[in-house]
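Observations on the model geometry
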Amino acid sequence: MDQTLLLYTAIGVFALMITGLVLTIWEFSRGAPKEQARTRNEQPVEVRPAQSAQHR
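Notes on the structure in this doc start here. The structure presented is a predicted model; accordingly, all values stated were derived computationally and were not measured. (Residues numbered from 1 in each chain as written. Predicted model: local features only at pLDDT ≥ 70, side-chain atom pairs only at ≥ 80, totals over all residues. Heavy atoms only, no water.)

What the chain contains, in helices and strands, is two helices and zero strands. Counting all 56 residues of the chain, 2% fall into the buried class. Of the roughly 5700 Å² of accessible surface on the chain, a fraction of 62% belongs to carbon and sulfur atoms. (Helix = DSSP H or I, 4+ residues; strand = E, 2+ residues; numbered from the N terminus. Buried < 20%, exposed > 50% of the residue type's maximum accessible area, 1.4 Å probe, protein only. Areas by Shrake-Rupley, 256 points an atom, 1.4 Å probe, with all protein chains shown as cover.)

Now the structure itself:
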């Protein structure tokens with residue numbers, strides 16, 4: 001494997017890694033995970049006091 005082919009392969013892998021990182025950031029900022037977090041925060045949460053086994 002000569003150095004030119006190795007360089008092009010490294011550039012290709014780096015470009016794919018950056019593309020995946022950008023798409024992941026975009027998905028979490030605008031996609032389904034943000035929508036799920038928004039709907040989860042809007043639902044009321046019922047808080048119940050903790051009970052020990054002796055009080056039952």
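Back to the text.
As a further point, take a nonpolar patch on the surface. There is a patch of nonpolar side chains on the surface, built from Phe-14, Met-17, Ile-18, Leu-21, Val-22 and Ile-25 and spanning about 590 Å² of accessible area. Counting through the fold element by element, Leu-21 comes out in helix α1 (residues 3–30). (Patch = residues over 30% accessible without salt bridge, like charges linked within 9 Å, V, L, I, M, F, W, Y side chains within 5 Å. Salt bridge = Lys/Arg side-chain N within 4 Å of Asp/Glu carboxyl O.)

If you trace the backbone, Thr-24 turns up in helix α1. Within the local environment of Thr-24, its side chain forms a polar contact with the backbone oxygen of Gly-20, the two atoms lying 2.8 Å apart. (Polar contact = N/O pair within 3.5 Å; in protein donor to acceptor, adjacent residues only side chain to side chain.)

No statement about biological role is implied by the geometric values presented.
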